[in-house]
Amino acid sequence: MSKIKHILVFRLSAMGDVAMTVPVLRAFAAQYPDVRLTVVSRPFFKPFFDGIPNLDFFAIDLKERHKGFLGLLRLYKDLKKLGIDAVADLHNVLRSKIVRTLFALAGKKTAFVDKDRAGKKALTRAENKVFKPLKPMTERHKEVFRKLGFEINLENPVFPEKANLSQEILNVTGIKNKKWIGVAPFAQYESKVYPQDMIQEVIDKLSENQEYVVFLFGGGNKETEILKELAKGKENVITVAGRLKLEEEIKLISNLDLMLSMDSGNSHIAAMLGIKVITLWGATHPYAGFLPFNQELSSALTSDREKYPLLPTSVYGNKKVEGYEDAMRSIPVEKVITTINDKLRG
């Protein structure tokens, strides 16, 4: 029997990456009920882990207490008090490396994620591109726990029950008596965002089906204004942005029948809740390992590589390539609508 009874898990950011850890940790908690997990992440992400048994959340304070090198020493002291036996570093950045090393020097077992930078570089480079699927991030997370002596089976995932919707949420959504579709039309980088006129067309066509209610997700004033424009004049299209807290949005997402998202955090939030997800990909590609958990590759609609042979040009979408600004226009609106309708029937 393993002597490890308490594992510290690092995954500080970003939203999609944090959400991708959830199915792995949920499976771990189910398969190793005698082992406690403590997740170290930003306070904003705490709702992602609600309901997972034997899991504690430690909110890192990067603005004050845990800021800078001295702050990381304080973080180590704070975490050491918890009686940690091992560290699973699912982030592998400078902050987590420093704290992980301090635990290793104290004799604790540590393991960290292999990000396969060489494979990602080969996939996204312009010359001598190696266009083949890389290992999914969930598999990489599993490997970290394997190094600590824990095999995790993800083959038959168990997802949480659909959340009960509070009156505050129902005031926005109304009672569910139709198919609920989420649309999250934004991403961190422009190269991953479906053109506004085309997403408008998708929303217009979906709204014509009176059996559908469409919820638009986003954040910030600029995005909220765009969403209001997309929803204008359509009774069965509801803008969620700015009206619900993150915890409430997660509960709403758990009640969706389908989420349409860019390659962004919303796709991974929906996937961690067991919701069907259709993703649209521009400069990036699911082969980089970021296909949402438990989703079929046929649900990932990618830009046309015959027209744009250098795709994917980036792992995260942060690299601009001249002449590739309109790559996402090669994903037809009709294909998006057909895929949504097929998945809802399936």
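In the block above lies the structure referred to throughout.
It should be emphasised that the depicted structure is a prediction, and the values quoted were computed from it without experimental measurement. (Residues numbered from 1 in each chain as written. Predicted model: local features only at pLDDT ≥ 70, side-chain atom pairs only at ≥ 80, totals over all residues. Heavy atoms only, no water.)

1. Digging into the side chain of Thr-38
1) Next: Structurally, Thr-38 is set in strand β2 (residues 36-41).
2) Next: Overall, Thr-38 belongs to the buried group, its relative accessible area being 2%.
3) Next: Engagement of the side chain of Thr-38 in a polar contact is seen with the side chain of His-6, the distance being 2.7 Å. (Helix = DSSP H or I, 4+ residues; strand = E, 2+ residues; numbered from the N terminus. Buried < 20%, exposed > 50% of the residue type's maximum accessible area, 1.4 Å probe, protein only. Polar contact = N/O pair within 3.5 Å; in protein donor to acceptor, adjacent residues only side chain to side chain.)

2. Points about unusual backbone geometry
1) Next: Look at the link from Ser-13 to Ala-14: it is a cis peptide, with omega at -5 degrees.
2) Next: Tracing the chain through its elements places Ala-14 in the loop between β1 (6-10) and α1 (15-31).
3) Next: Omega for the peptide link from Leu-311 to Pro-312 comes to -10 degrees, which places this bond in the cis form.
4) Next: Position of Pro-312 among the secondary structure elements: in the loop between β11 (300-302) and α11 (333-345).
5) Next: A positive phi angle, close to 65 degrees, is found at Asn-294, a residue other than glycine.

3. Digging into the packing of aromatic side chains
1) Next: With the rule as written, the count across this model stands at 13 aromatic pairs.
2) Next: Ring centres of Phe-159 and Phe-293 lie 6.1 Å apart, and the angle between their planes is 65 degrees; on these two criteria the pair is classed as edge-to-face. In this pair, Phe-159 sits in the loop between α5 (137-147) and α6 (167-173) while Phe-293 sits in the loop between β10 (277-281) and β11, placing the two residues 134 residues apart along the sequence.
3) Next: The buried category is assigned to Phe-293, whose relative accessible area is 10%.
4) Next: Ring-pair connections join several aromatic residues into one group, and the members of that group are Phe-28, Tyr-32, Phe-145 and Phe-150.
5) Next: Note that Lys-147 overlies the ring of Phe-112, its terminal NZ or CZ placed 5.5 Å from the centroid.
6) Next: The side chain of Arg-305 reaches across the aromatic face of Phe-131, ending 3.6 Å from its centre. (Phe/Tyr/Trp six-rings, centres within 6.5 Å; stacked < 30°, edge-to-face > 60°. Lys NZ or Arg CZ within 6 Å of the ring centre and 35° of its normal.)

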